[in-house]
Amino acid sequence: ALGFAFHPQFNNSGLQVAGYVYVYYTETKNGMQINRLSRFNLAVNVQDRASSELSLLTLPRETSGFHNGGSVEFDEHGYLYLALGEGVHPKGVESQKQTLRSGILRIDINCVSGNLPISGKLFQGERSNYCIPSDNPFVNSDQVLPEYWALGLRNPYRFAFDRNGDLWVGDVGSTKWEEVNRIVKGGNYQFPFIEGYEKTGKKKPEHLVGKEYSPVFTYIHTGYDRAVIGGFIYHGEEFPTLQGQYIFADNYSSKVFKMRADLDKVENVSTIARANQFAQRGVSSIVQLKNGDVLLTTLGRSVVASGEVLKLVDKDKVLIKKKKTVTENIVSPGEAMTIFAANCARCHGALGKGDGPDVEALGVGIADFS
């Protein structure tokens, strides 16, 4: 499960759409992986909800399991936005006229009068049960599919709309840079030929689609900070010093940051909190509720139900009770191998020889642990 959003009229009694929720998830079956965007109806009996699935997107993908994107959100006009990562594509297909990947989509799930039927054909996969907003930026392009709202993103895992309509995204980088971007209609955010503000060595297309934009903020990977989790612009009364600031996090370090949101380029951010789980077990989303509360989720360990929902609080106003006893956390050799494979093998190699796939891009010597 990667992301979901309720229909804008969810719980509006008497309407057919009152139970609709839109879910983006990855299905693994018979050795294949498929990313799906589907609608489910929560108004029916519990036992019938799974069978109420209505497919919008079916996107076969490589079996690596990474870089799916994830966010699903509605804007104020009722259009649905979906973030897709660069991993969502059939092997060997790069053209965005053939596949949906590395960008943010905008679709009309209500098929409002004046909007357009689905056009173009996917190399693999299926699209159905929605329309294309007639004011999407690429509806007349012969180079990209008309669903695209923005291009050139690597793995826009989490995004959110500000109340002024601005769309902010945390774009998870490759081996070196993480980005925070303010998304503009028709924008191209330069992946894969630029990450952060640095050229990657990959050739820039001679005729680039969309207008180029650089990130508002970017940070380099360390042993702690290495996977940005996009957040939101804070509007609330509980934390006056956060008012109007962009709040986001990092999955690996579980740090929560604040940064100015009124600049085109930000040089520095401040750490305001840190969750208690980290190294891929850390923060997976951070949101503000309508009542002003700031909540974040942590993934927890892959084999133990240790993920949590946490609330941001003022440490000077809340008494934190310390646990009196600590349960010993025993990790089996098999689980240790799994943890190493997930968190370390990309640099240190599957057998710890320092020959992982990212070594060349890092440009530093990697220790041999074998």
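First, a word on what this report is: a plain description of the structure on this page. The structure presented is a predicted model; accordingly, all values stated were derived computationally and were not measured.

1. So, the side chain of Asn 68
By the secondary structure assignment, Asn 68 is in the loop between β4 (54-61) and β5 (72-74). Owing to a relative accessible area of 7%, Asn 68 belongs among the buried residues under this scheme. A distance of 2.7 Å separates a polar atom in the side chain of Asn 68 from a polar atom in the side chain of Arg 61. Apart from residues lying up to four places away in sequence, Asn 68 is in contact with Leu 2, Tyr 24, Thr 26, Asn 35, Arg 61, Ala 83, Leu 84, Gly 85, Val 88 and Asn 155.

2. Describing the layout of surface pockets
Over the atoms a probe the size of a water molecule is rolled, and this reveals where empty space is left. One number sums up the size of the second largest pocket: a volume of about 1100 Å³. Around the second largest pocket, the lining is made up of 39 residues, and of these Glu 94, Phe 191, Pro 192, Phe 193 and Lys 202 lie nearest the centre. A class-by-class count of the residues in the lining of the second largest pocket yields 12 nonpolar, 14 polar and 13 charged.

3. A short note on the pairing of strand β3 (residues 32-41)
For β3, a buried count of nine out of 10 residues is recorded, marking the element as mostly surrounded by other parts of the structure. Bridging between strand β2 (residues 20-29) and β3 involves 10 bridges; their strand directions are antiparallel. What sits directly across from Lys 29, in β3, is Met 32. Connecting the antiparallel pair β2 and β3 is a turn made up of two residues, with Asn 30 showing a positive phi of about 55°. Direction of pairing for β3 relative to β4: antiparallel, over a ladder of seven bridges.

4. Here we look at the nonpolar core
Within the largest apolar cluster, 60 residues are counted, with the highest numbers of intra-cluster contacts made by Leu 37, Leu 80, Leu 82, Leu 100, Phe 248 and Met 259. Among residues more than four places away in sequence, those in contact with Leu 80 are Tyr 22, Leu 37, Val 72, Glu 73, Phe 74, Leu 105, Arg 106, Ile 107 and Ile 109. In this structure, Ala 83, Trp 149, Leu 153 and Ile 183 belong to the second largest nonpolar core, which totals 12 residues.

5. Regarding the sheet that holds strand β12 (residues 177-183)
An order of β10-β11-β12-β17 is seen for the four strands of this open sheet, with the pairing classed as antiparallel. The outermost strands of the open sheet, each flanked by one partner alone, are β10 (156-161) and β17 (217-220). Along the sheet, successive strands turn relative to each other by an average axial angle of 15°, direction set aside. Here four bridges tie β12 to β17, and the two strands are oriented antiparallel to one another. Among the inter-strand pairings, Glu 178 is bridged to a residue of β17, identified as Tyr 219.

6. Some points on the environment of Thr 99
For Thr 99, the location among the structural elements is in the loop between β6 (80-84) and β7 (103-107). Here Thr 99 falls in the buried class, since its relative accessible area comes to 5%. Measuring from C-alpha to C-alpha, the distance between Thr 99 and Lys 121 comes to 8.3 Å, with 22 residues separating the pair along the chain.

7. Topic: the sheet that holds strand β23 (residues 294-298)
Paired through their backbone hydrogen bonds, the strands of a sheet run either parallel or antiparallel. Ordered by their spatial adjacency, three strands build an open sheet running β22-β23-β24, and the pairing between neighbours is antiparallel. What marks the edges here is a single partner per strand, and that holds for β22 (283-288) and β24 (308-311). Going from strand to strand, the sheet's axes swing by 20° on average, the running direction of each strand aside. As paired strands, β22 and β23 are joined by five bridges and run antiparallel to one another. By the bridge assignment, Gln 288 is partnered in β23 with Val 294.

8. Thoughts on the packing of aromatic side chains
Evaluation of the coordinates by the stated rule reveals 14 aromatic pairs. When the centroid spacing of 5.7 Å and the interplanar angle of 80° are considered together, the rings of Tyr 81 and Trp 149 count as edge-to-face. Here Tyr 81, found in strand β6, pairs with Trp 149, found in strand β9 (residues 148-151); they are 68 residues apart in sequence, far enough to count as distant. When the centroid spacing of 6.5 Å and the interplanar angle of 80° are considered together, the rings of Phe 159 and Phe 161 count as edge-to-face. A relative accessible area of 3% places Phe 159 in the buried class. Taking relative accessible area as the criterion, Phe 161 reaches 26% and is therefore assigned partly exposed. One aromatic cluster is present, formed by Trp 168, Phe 217, Tyr 219, Tyr 246, Phe 248 and Phe 257 through successive ring pairs.

Scoring rules and cut-offs
Residues numbered from 1 in each chain as written. Predicted model: local features only at pLDDT ≥ 70, side-chain atom pairs only at ≥ 80, totals over all residues. Heavy atoms only, no water. Helix = DSSP H or I, 4+ residues; strand = E, 2+ residues; numbered from the N terminus. Buried < 20%, exposed > 50% of the residue type's maximum accessible area, 1.4 Å probe, protein only. Polar contact = N/O pair within 3.5 Å; in protein donor to acceptor, adjacent residues only side chain to side chain. Contact = heavy atoms within 4.5 Å. 1 Å grid on protein atoms, 1.4 Å probe; cavity = no way out; pocket = protein on both sides within 12 Å on 5 of 7 lines; lining within 4 Å. Points joined across faces, edges and corners; volume = space filled by probe spheres on them. Nonpolar A, V, L, I, M, F, W, Y, C, P; charged D, E, K, R; others polar. Pairing = 2+ DSSP bridges. Core = buried A, V, L, I, M, F, W, Y, C linked by side-chain atoms within 4.5 Å. Axes fitted to C-alpha atoms, helices over the stretch in contact; angles between N-to-C directions. Phe/Tyr/Trp six-rings, centres within 6.5 Å; stacked < 30°, edge-to-face > 60°.

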